[in-house]
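Observations on chain architecture
Chain residues, written in single-letter form:
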Amino acid sequence: MTTKTDSDIWPDPGISRVPYQVYAAPDIYAQERERVFMGPAWHFLCLDCEIPNRGDYKSTFVGDIPVIVVRARDGSVNGLENRCSHRGATLCLEKFGNLRSFSCVYHGWSYDLDGNLKGVPFERGVNGGGGMPEDFRKEDNGLRRLRIATHAGVVFGTFHDDTPPLADYLEPAFVEKVARVMPRAVKVLGYNTQVMHNNWKLYAENVRDPYHASILHLFFTTFKMNRLTQRGEILVNDEGGHHVSTNWRDPDASIDTYREQDLRAVDDEFALNDPTLLDYQDEFDDNGTLQILSVFPGFVMQQIYNCLAVRQIVPKGPDLTEVNWTYYGFEDDADDLTTLRLKQANLIGPAGYISMEDGAVGEFVQRTLPGAQSEETILMMGGHTAESQTSRATETSIRGFWKAWRRYMEI
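Residues numbered from 1 in each chain as written. Predicted model: local features only at pLDDT ≥ 70, side-chain atom pairs only at ≥ 80, totals over all residues. Heavy atoms only, no water.

Here we look at the pairing of strand 16 (residues 299-304)
Formally: Three exposure classes are used, based on accessible area relative to the maximum for each residue type with a 1.4 Å probe and protein chains only: buried under 20%, partly exposed in between, and exposed over 50%. Helix and strand definitions follow DSSP, with helices as H or I runs of at least four residues and strands as E runs of at least two, each counted in order from the N terminus. Note on pairing: two strands pair once DSSP finds at least 2 bridges between them.
Burial runs high along strand 16: six of the six residues are buried. Covered by surrounding structure in strand 16 are F299, M301 and Q303 together with V300, Q302 and I304, the residues of both alternating faces. Taken together, the six bridges between strand 15 (residues 288-295) and strand 16 define a ladder with antiparallel strand orientation. Bridge pairing in strand 16 places L293 opposite M301. Joining the antiparallel neighbours strand 15 and strand 16 is a turn of three residues. As judged from the six bridges shared by strand 16 and strand 17 (residues 307-315), these two strands associate in the antiparallel manner. The residue of strand 17 that forms the bridge with V300 is R311. Here strand 16 hands over to strand 17 after two residues, with Y305 in that stretch at a positive phi of 55°.

Remarks on the sheet that holds strand 7 (residues 102-103)
The three strands lie next to each other as 7-8-9, forming an open sheet whose pairing is antiparallel. Both edges of this open sheet fall to strand 7 and strand 9 (117-119), since each of them pairs with a single strand only. Across two bridges, strand 8 (residues 110-111) lies against strand 9 in antiparallel orientation. By the bridge assignment for strand 9, Y111 is matched with L117.

With respect to the pattern of salt bridges
This is how it is decided: Note on definitions: salt bridges are taken to be side-chain nitrogens of Lys or Arg within 4 Å of carboxyl oxygens of Asp or Glu.
The tally for this structure, following the rule as stated, stands at 18 salt bridges. Among the ionic pairs, E123 bridges to K138, the shortest N-O distance being 3.0 Å. In this pair, E123 is assigned in the loop between strand 9 and strand 10 (145-151) and K138 in the loop between strand 9 and strand 10, connecting sequence segments 15 residues apart. Judged by relative accessible area, K138 falls into the partly exposed class, the value being 23%. Linking R407 and E239 is a salt bridge whose minimum nitrogen-to-oxygen distance equals 3.0 Å. Within this pair, whereas R407 is found in helix 11 (residues 396-409), its partner E239 is found in the loop between strand 13 (232-236) and strand 14 (243-248), the two being separated by 168 residues in sequence.

Observations concerning a nonpolar patch on the surface
Defined as follows: Only residues above 30% relative accessible area that lack a salt bridge enter a patch, with like-charged residues linked at up to 9 Å and the nonpolar side chains Val, Leu, Ile, Met, Phe, Trp and Tyr linked at up to 5 Å. Using the Shrake-Rupley algorithm and a 1.4 Å probe, accessible areas are obtained, with residue cover drawn only from the displayed protein chains.
A cluster of nonpolar residues, L93, V105 and Y106, forms a patch on the protein surface that exposes about 380 Å² of accessible area. With respect to the helices and strands, the residue Y106 is situated in the loop between strand 7 and strand 8. Residue Y106 is classed as partly exposed on the basis of its relative accessible area of 49%.

Considerations on the environment of A24
Heads up, the rule is: Should any heavy atoms of two residues lie within 4.5 Å, those residues are considered in contact.
Mapped onto the elements of the fold, A24 is located in the loop between strand 1 (17-19) and helix 2 (26-37). Sequence separation between A24 and Q366 is 342 residues, and the spatial gap between their C-alpha atoms is 8.0 Å. Residues within four places of A24 in sequence aside, it is in contact with P318, L369 and Q373.

Observations regarding helix 4 (residues 172-180)
Test applied: Comment: arc refers to directions from the helix axis out to C-beta atoms.
Those residues of helix 4 that fall on the buried side of the exposure criterion are F174, K177, V178 and R180. Down the axis, helix 4 shows its buried residues gathered within 155° of arc, on one side only. With respect to the buried face of helix 4, the exposed residues turned more than 90 degrees away are P172 and E176.

Quick notes on the packing of helix 2 against helix 11
So the rule is basically this: Think of each axis as a best-fit line through the C-alpha atoms, taken over the contacting stretch in the case of a helix, with angles from 0 to 180 degrees between the N-to-C directions. We call two directions roughly parallel when the angle between them is under 35 degrees, roughly antiparallel when it is over 145, roughly perpendicular when it lies between 65 and 115, and oblique otherwise.
Where helix 2 contacts helix 11, the two axes come as close as 9 Å, and the packing angle between them is 85°. Judged on the interaxial angle alone, helix 11 and helix 2 are roughly perpendicular. Seen from helix 2, the contacting residues are I28, Q31, E32, R35 and V36; seen from helix 11, they are W405, Y408 and M409.

What about the sheet that holds strand 11 (residues 154-158)?
Two orientations exist for strands paired in a sheet by backbone hydrogen bonds: parallel and antiparallel. Sheet architecture is open: seven strands sit in the order 2-11-10-5-4-3-6, paired in antiparallel fashion. Unpaired on one side and paired on the other, strand 2 (43-47) and strand 6 (96-98) mark the two borders of the sheet. For this sheet, the mean inter-axis angle between neighbouring strands, taken without regard to orientation, is 30°.

A short note on the packing of aromatic side chains
This is how it is decided: Only Phe, Tyr and Trp rings take part, Trp by its six-membered ring, and two of them pair if their centres are within 6.5 Å. Stacked means planes under 30 degrees apart, edge-to-face means over 60, and tilted covers everything else. Any Lys NZ or Arg CZ that is within 6 Å of a ring centre and within 35 degrees of that ring's normal is treated as a charge sitting over the ring.
Evaluation of the coordinates by the stated rule reveals 18 aromatic pairs. Between W325 and Y327, the aromatic rings sit 6.4 Å apart at their centres with planes inclined by 10°, giving stacked as the arrangement. The residues W325 and Y327 share a single accessibility class, namely buried. Aromatic side chains W402 and W405 sit 5.1 Å apart centroid to centroid with 75° between the ring planes, which places their arrangement in the edge-to-face category. Residue W402 and its partner W405 are located together in helix 11, separated by three residues, close to a single helical turn. Taken together, the ring pairs in this structure connect W10, Y20, Y23, F37, W200, F296, F401, W402, W405 and Y408 into an aromatic cluster. For R184, the ring lying beneath its charged end belongs to F330, and the centroid distance is 4.3 Å.

Comments concerning the state of the cysteines
Where two cysteines share a covalent bond between their sulfur atoms, that bond is called a disulfide. The line we're drawing: Here, a disulfide means two cysteine sulfur atoms that sit within 2.5 Å of each other.
Counted by the stated rule, this structure contains zero disulfides. C49 takes part in no disulfide bond, and the closest cysteine sulfur to it belongs to C46, at a distance of 8.3 Å. Counting only cysteine sulfurs, C84 is the nearest neighbor of C104, a cysteine outside any disulfide, at a range of 3.9 Å. The buried category is assigned to C104, whose relative accessible area is 3%.

Focus: the side chain of H242
Put simply, the test is: Identification of polar contacts relies on pairs of N or O atoms within 3.5 Å, with a donor-acceptor requirement for protein atoms, meaning one able to donate a hydrogen and the other able to accept it, and with residues adjacent in sequence counted only if both atoms are side-chain atoms.
Residue position: H242 is located in the loop between strand 13 and strand 14. Within polar-contact distance, the side chain of H242 engages the backbone oxygen of Y169 at 2.9 Å. Filtering out sequence-adjacent residues up to four positions away, H242 remains in contact with Y169, L170, F174, L235, V236, N237, S294, V295 and F296.

Structure representation (structure tokens):
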């Protein structure tokens, strides 16, 4: 495989035009695995509450690399590559479980919860023949481990020794924003998995794109949940890869500008049979109705009204992506608030009233890529830089993603 040079991939030094080839080229996808997902970045693995007991595990991914998150005997959390060190078979085939040790179905090699190799069937051979050589040492052949860090009940992992401490990686403003929607003990309400036939970066762009939200999503604007005329802000961290988009409750914000531009986002013929779908409890005492937070490369936290969820972007190839949704509330939630969260979960996910369109538009872009490999996208709403802005008619946080991506990819 021939690796493209920097000038071949991205000849322009800026971040307001993106070459279409970065969404499709297999060699770029392979470099991302090495430089981003195996590189010095933190990756979402699970919520701490998903593995409450010793031996509880969840199988998940860092990029397209399968990993296991497990509660160790001492109560700490371990991250292990989900690959037997013998012949490479997947160890944990189930999403969740509880085990005293990990055993490979292929040849029976077994590992403790810290990833140490403990058992090799017929290690000394049979009837004096075969077996492992004398210089084979089990202590040198355990599972590859990840570094683990937790903030506000969210568990992150990294393969790289030089990844900075998690608090430094997130930066103070984002540490605070994560804690805002994770202020106390969490309970999981449910899961969804969405398969998208597009490159993972198209979805990473989408969640950082406040400009599209009230144009693409008819539900947002028609039912006055999210309009660019509302008070809001976009925060972008110094490195560019993390962002927060925030709206505050403003039922009187005008939609006249949408009507004047004849956008499909407003349709007065639509109504709700159950208006309580859009009930709202100001549970964080700040009147914030929307917070979409992303952490580079593939983690998203969301508050839309009282629907809380985390999303994990999982690349499955240059043109295939999975998004794993985990919906949550708090252990001390009143029954009516839990009911509201579950009802509002219908707003998002694969068939959500809002986000079903996001599952389509990435593929609309991916379809055009064969003829566009020498062309570039335009990312100039709000300027050419990646910095925090009060206007949400901007693509500044998408430019921030590419600023971080270029740094990791050394492009």
